Amino acid sequence: MWWVYAILSAFFASLTAIFAKVGITGVNSNLATAIRSVIILLVAWGIVFARSEYKGIPALSRHNLIYIAISGVATGLSWIFYFKALQIGKVTQVAPVDKLSVALTIVLSVLFLGESLTLKTAIGALLIIAGTVLLIFE
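Think of each chain on its own: its residues are numbered from 1, step by step along the sequence as written. Since the coordinates come from a predicted model, pLDDT governs what is reported: local features require at least 70, and pairs of side-chain atoms require 80 or more to be given and counted, while whole-chain, interface and lining totals use all residues. No hydrogens and no water enter the side-chain calculation; it runs on all heavy atoms of the structure.

Caption draft 1: View of the overall build of the protein chain. Scanning the protein chain from terminus to terminus reveals six helices and zero strands. For the protein chain, the α and β elements follow one another from N to C terminus as α-α-α-α-α-α. By principal-axis analysis of the C-alpha atoms, the protein chain measures approximately 50 × 45 × 25 Å. Here the protein chain, with 138 residues, has 14% of them falling under the buried criterion. We call two residues in contact whenever any of their non-hydrogen atoms come within 4.5 Å of each other. For the protein chain, long-range pairs separated by at least 24 residues make up 73% of all intrachain contacts whose partners lie at least 6 apart in sequence. Accessible surface is estimated by sampling points in the Shrake-Rupley manner with a 1.4 Å probe; for residues, cover comes only from the protein chains shown. As displayed, the protein chain has an accessible area near 10,400 Å², and 75% of this comes from carbon and sulfur atoms. Segments assigned H or I by DSSP are reported as helices when at least four residues long, segments assigned E as strands when at least two residues long, and all are numbered from the N terminus. The buried label applies to any residue whose accessible area, calculated with a 1.4 Å probe on protein chains only, is under 20% of its type's maximum; exposed applies above 50%, and partly exposed to all values in between.

Caption draft 2: Here's a closer look at the pattern of salt bridges. Just to be clear on terms, a salt bridge is a Lys or Arg side-chain nitrogen sitting within 4 Å of an Asp or Glu carboxyl oxygen. A full pass over the atoms with the stated rule returns two salt bridges. Between Arg51 and Glu53 there is a salt bridge; the shortest N-O distance is 3.2 Å. When its relative accessible area of 38% is taken as the criterion, Glu53 is described as partly exposed. Where Asp98 meets Lys99, a salt bridge forms, and the shortest distance between an N and an O atom there is 3.4 Å. For Lys99, a relative accessible area of 39% translates into the label partly exposed.

Caption draft 3: Region of the structure containing the side chain of Arg36. Take Arg36: it is sitting in helix 2 (residues 29–50). Of the side chains bearing the opposite charge, Asp98 lies closest to the buried Arg36, which forms no salt bridge; the N-O distance is 8.4 Å. The residues touching Arg36, leaving out its near neighbours within four places in the chain, are Thr16, Trp79 and Phe83. In this count, Lys and Arg are taken as positive residues and Asp and Glu as negative ones, while His and the chain termini are left out.

Geometric values such as these leave the question of function open.
Put into structure tokens, the structure is as follows:
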């Protein structure tokens, strides 16, 4: 079932690139990112309240909060750089290069989380890296 959510994530991420490119025309990319962040905040908290998931807040440990906060900082920086890249580049180049994060995540998960690296996964990561290089230097 996880793959259904992953496919939905990919679908909405692709829409994000298209809508963002149209939306940031003539707009400062940082301002656009801030506006987008407010919308995401409202949607996320709306879902949490609609499903009464806010009741889980007291169960969060300090460890959970620290790493969720660090993840939030990384997400914010990713969005800021993504919107800036979209503003000055082509969606057909920026979006695939952004997906280099897949290969980087594979490497980092092996280094920091101790996940195993299969030959199939390594080849996939190398192909993503090769494709990214091709798109950057077309």
